[in-house]
Amino acid sequence: MSVVSVFEGLFALVLAVLASLALARRTGLNAGLFPLGLLAGAGVWLTLWGMAGLLRPGGWALYALALAGGQAALLKGRREEKLPARLRRNAAELGREAKKAPALVLFFFAGAALWLWFAVSRPVFLRWDEFSFWGTACKMTKVNHCLHPTAPGNLSARAYLPGMMVLSYLFQFFSAGFTEWECLAAYDLLALAVFAAFGAFEGRKWYLSALGMLGAGLLPYFFLAPGDTQAATVYLNAMGDVYLGLTFGGALCLYYRAGTRKAGLVLTALALAFLTLIKDMGFAYALIAAALICADRLFARQKPTLPALGRTVGLGTALCVPVLALFLGWNRYVLTAAGIDKSAGVGAAGSQVSYFGMLTDGALQFVGRGDPARAEKFGQVKAAMMAAFTGAPLCLLGGAAAALVLCLAVLVFAAVCGKGPGRARAVWLAVGGSACFAAFWLFHLLLYVYSFSDKEAALLKDYDRYISPYFLGWLLAGLCLLALEAERGERHRLAAGAAGVGVIGLAALVGLRGLPAAGFWHVNPTDAAVRQDVAQRAALVNPYLNWDDQVLLISQGDDATRWYYYGYELNAQLAYGFGGFGYEEGANNWVSTFMSLVTPKHDPWNEEFYGFQKEYPYTAECSQDDLVNFLRQKGYGYVLLDQSDKYIYYELGSLFDGPIPIDRADAAYLFRVADDGTTMTFEPVGEVQYVPQND
């Protein structure tokens, strides 16, 4: 465990807390509201510097500004006042601000404890999506000190947004390399900042802040599939879905608690801007949040007169312009940096449809007048979405319908407890949130039809990941309104009692039905055994590879797990394999990621040749000539033999210059492809070469 790794996260945490106290003293807002705005602002800042090709200087400038602000906050005073006196007086003032903001104190101690615990337990990435984009992009950003679209590495999804990557970069800015546990901890510090904004009660109401932050922290566990017995990955994953929902709800919490003041609107605008940078769907979430805020401002906080409408339009413009500028600016950046046109539309290459075309044809499909070629698929997806609304598990109470009922029930109760503007804003959040969810649901229906393959659309791939963040954010915002009534409403005792019962009930529900045997507080070393094995093997061959080298992985029996792991660990381009039936002219084959090679002589029905169909979940028929033709066409320079078997040994072994293992090897062996146009051989590279064992 590196001392720098432990120090840099705690250092950033301390700076965030000091900045929050200083800004609270200056603006009069609760200091617990600032961590979310500051982290969001830092993410936007680093993204803008990164788009200019100056990510590292932007990081130094950010920390320099933070240090200068901290110095000013601690040493502020008159010239004739001596330095020790200034320091004591300012420290006392900041201490008084801390006493008025228990949520900030809880944020600091919870964040420090979490950072230290992760430093000890050292969790690592384990989920496939972390290696296909999320974790790999964080690593590329840190190692190369640039945004992931321009960094060398095995990453095809270079157009995805960089918000979580730069957040990870912020909290491990000073260390020499990339550490996975720091990335995971940085994500969770963002979650804690959201919980602090939710629980930012005024005064010394420690019990309310603690209760509120505990309840908010349990909400992501509520959106686990019922009966899940695996280790909880809610706070142990580098994917953006949970944090998208939390930031969506956190932005609304900032507005509800402080949005009527200019400083509060600035914090809300920063949160919405960062929300846009988390995922592509974050743009829609930010616009939804802005619409809900404008509706609240127009109908709940003032009479809907013409001047009020003008002020609301101005507010909406102020919130949406940064969101739109960042979204369009990122599209322009990836077009320039990576040659990817995000405005081209949705769908696979060759069958893309523009967003306008998707919306217009989708609207026509509802009335039976859309493109006939998509009518059948539209009907199937529509039926599947309707069935999933009540049938597909989305939370511990059931499907999306159960989550919708719960959100509305919370808002109805908040309206019952409230009076005047408090009641009106709960009603408008219920009405606006329902309308926005309907549009959100319909948009995802169209995405399944126009962007997903037929098989993925029929299965509603990742349905829970796409739908649950909306409910998570909406429910968090609704609970914030209920918490406000518990704090200062006329029926505060009723609201506080309901909130307390709700937290206890949620804890019981999560504990009995949702929370698996282990959460982020327990890391099972055996879960990362394959990761560690691949990392050790890749470390042995990395000294002989460059980023321009293309390496074909042969790992017999792999189900893509090791392929993705090698893509993350190798300092080279992990080449695509092939699938199908041979690589001769006219053969039925296609580009694939991982591949398990079998002889064309095998009988796919009777499993007569080596039993490959039974042993391997996916196979590609490949003769020795097929492999040679494939490598010649692709021009790959290296072959990495990770796991061999009898087929590789007996049928393809003559291609290798030297002995190779007949079964599972204890290391990965790197070979250079040598080809004179007539004969191809694989020459061993490096010090790790296979030595046959005596029988």
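Everything discussed here concerns the structure shown above.
Residues numbered from 1 in each chain as written. Predicted model: local features only at pLDDT ≥ 70, side-chain atom pairs only at ≥ 80, totals over all residues. Heavy atoms only, no water.

## Observations regarding the packing of helix 11 (residues 262–276) against helix 13 (residues 306–338)
Relative placement of two packed helices is described by the angle separating their axes and the distance separating the axes.
Point 1. Running from amino to carboxyl end, helix 11 crosses helix 13 at an angle of 30°, the nearest separation of the two axes being 9 Å. Our classification of the angle between helix 11 and helix 13 gives roughly parallel. Our pair here, helix 11 against helix 13, has a crossing hand that is right-handed. Facing Leu265, Ala269, Leu272, Ala273 and Thr276 of helix 11, the residues of helix 13 in contact are Leu315, Leu319, Val323, Leu326 and Phe327.
Point 2. Residue classes in the contact of helix 11 with helix 13 are distributed as 9 nonpolar, 1 polar and no charged. (Axes fitted to C-alpha atoms, helices over the stretch in contact; angles between N-to-C directions. Helix = DSSP H or I, 4+ residues; strand = E, 2+ residues; numbered from the N terminus. Parallel < 35°, antiparallel > 145°, perpendicular 65-115°, else oblique. Left-handed = near helix turned anticlockwise from the far one by under 90°. Contact = heavy atoms within 4.5 Å. Nonpolar A, V, L, I, M, F, W, Y, C, P; charged D, E, K, R; others polar.)

## Structural notes on the sheet that holds strand 8 (residues 669–675)
Point 1. In spatial order, the strands read 2-1-7-8-9; together these 5 strands make up an open sheet with mixed pairing. With one partner strand each, in any of the chains shown, strand 2 (573–574) and strand 9 (680–685) form the two edges of the open sheet.
Point 2. With 5 bridges joining them, strand 1 (residues 550–555) and strand 7 (residues 638–643) adopt parallel strand pairing. Across the sheet, the residue bridging to Leu552 is Val639, located in strand 7.
Point 3. Helix 24 (residues 624–634) contacts strand 1, strand 7, strand 8 and strand 9 of the sheet and is inclined by roughly 75° relative to strand 9. (Pairing = 2+ DSSP bridges.)

## Remarks on the pairing of strand 3 (residues 577–581)
Point 1. The element strand 3 is largely enclosed, with a buried count of 4 among its 5 residues.
Point 2. With 5 bridges joining them, strand 3 and strand 4 (residues 588–592) adopt antiparallel strand pairing. What sits directly across from Gly580, in strand 4, is Asn589.
Point 3. Taking the residues between adjacent antiparallel strands as the criterion, strand 3 and strand 4 are bridged by 6 residues, where Gly582 takes a positive phi near 85°. (Buried < 20%, exposed > 50% of the residue type's maximum accessible area, 1.4 Å probe, protein only.)

## Quick look at unusual backbone geometry
Point 1. Positive phi, close to 50°, is recorded for Arg122, a residue that is not glycine.
Point 2. Structurally, Arg122 is set in the loop between helix 5 (102–121) and helix 6 (128–144).
Point 3. Take Arg122: its relative accessible area is 40%, and that puts it in the partly exposed class.
Point 4. Of note, the phi angle at Asp462 is positive, near 60°, even though the residue is not glycine.
Point 5. Note on placement: Asp462 falls in the loop between helix 18 (454–459) and helix 19 (463–488).

## What to know about helix 21 (residues 529–541)
Since the α-helix advances by 3.6 residues per turn, residues separated by three or four positions end up pointing in the same direction.
Point 1. Taking 1.5 Å per residue as the helical rise, helix 21 with its 13 residues ought to reach 18 Å, and the 19 Å between its terminal C-alpha atoms agrees with that figure.
Point 2. Here helix 21 has its buried residues at Arg531, Val534, Arg537, Ala538 and Val541. The buried residues of helix 21 occupy an angular sector of 135° when the element is viewed end-on, so they sit on one face.
Point 3. Summarising the contacts, the buried residues of helix 21 are in contact with helix 6, helix 8 (180–198), helix 22 (561–569), strand 7 and strand 8. (Expected span 1.5 Å × (residues − 1). Arc of directions from axis to C-beta.)

## Comments concerning a nonpolar patch on the surface
Point 1. Together, Phe299, Val427, Trp428 and Val431 line one region of the surface with nonpolar side chains, adding up to about 320 Å² of accessible area.
Point 2. Among the elements that take part in the nonpolar patch, helix 17 (residues 421–451) stands out by supplying 3 residues, more than any other.
Point 3. Looking at Val427, the relative accessible area reads 40%, which means it is partly exposed. (Patch = residues over 30% accessible without salt bridge, like charges linked within 9 Å, V, L, I, M, F, W, Y side chains within 5 Å. Areas by Shrake-Rupley, 256 points an atom, 1.4 Å probe, with all protein chains shown as cover. Salt bridge = Lys/Arg side-chain N within 4 Å of Asp/Glu carboxyl O.)

## Brief notes about the nonpolar core
Point 1. Counting residues in each nonpolar core, the largest one holds 194 residues, and the members touching the most others are Met164, Tyr463 and Phe471.
Point 2. It is helix 8 that contributes the most residues to this core, 16 residues altogether.
Point 3. If sequence neighbours within four positions are ignored, Met164 has contacts with Trp134, Cys138, Tyr187, Leu190, Tyr243, Phe274 and Ile278. (Core = buried A, V, L, I, M, F, W, Y, C linked by side-chain atoms within 4.5 Å.)

## Side note on helix 14 (residues 355–366)
Point 1. With 12 residues, helix 14 extends 17 Å from end C-alpha to end C-alpha; this agrees with the ideal 16 Å at 1.5 Å per step.
Point 2. Among the residues of helix 14, Gly357, Met358, Asp361, Gly362 and Gln365 are the ones counted as buried. The buried residues of helix 14 occupy an angular sector of 120° when the element is viewed end-on, so they sit on one face.

## Considering the pairing of strand 8
Taken residue by residue, a regular strand's side chains alternate between the two faces of the sheet.
Point 1. Inspection of the sheet shows strand 7 paired to strand 8 by 4 bridges, in the antiparallel sense. Directly across from Leu640, in strand 8, lies its bridge partner Leu670.
Point 2. In terms of strand pairing, strand 8 meets strand 9 through 6 bridges, oriented antiparallel. From the neighbouring strand, Phe671 faces strand 9, where its bridge partner is Pro684.
Point 3. Hairpin remark: strand 8 followed by strand 9, antiparallel, with 4 residues in the connecting loop; positive phi at Gly677, about 95°.

## Considerations on the packing of helix 2 (residues 34–51) against helix 7 (residues 163–171)
Point 1. Axis separation between helix 2 and helix 7 bottoms out at 9 Å; the angle between their running directions is 100°. For the element pair helix 2 / helix 7, the angle class is roughly perpendicular. Residues Leu39, Ala42, Gly43, Leu46 and Thr47 of helix 2 pack against Val166, Tyr169, Leu170 and Phe171 of helix 7.
Point 2. Class assignment of the residues belonging to the contact of helix 2 with helix 7 gives a composition of 7 nonpolar, 2 polar and no charged.

## Quick look at the pattern of salt bridges
Point 1. Enumeration over the complete set of coordinates arrives at 16 salt bridges.
Point 2. We note a salt bridge from Arg562 to Asp533, for which the minimum N-O separation is 2.8 Å. Of this pair, Arg562 sits in helix 22 while Asp533 sits in helix 21, and the two are 29 residues apart along the sequence.
Point 3. Classification of Arg562 as buried rests on a relative accessible area of 9%.
Point 4. A network of salt bridges, in which partner residues are shared, links Asp129, Asp241, Lys279, Asp462 and Arg465.

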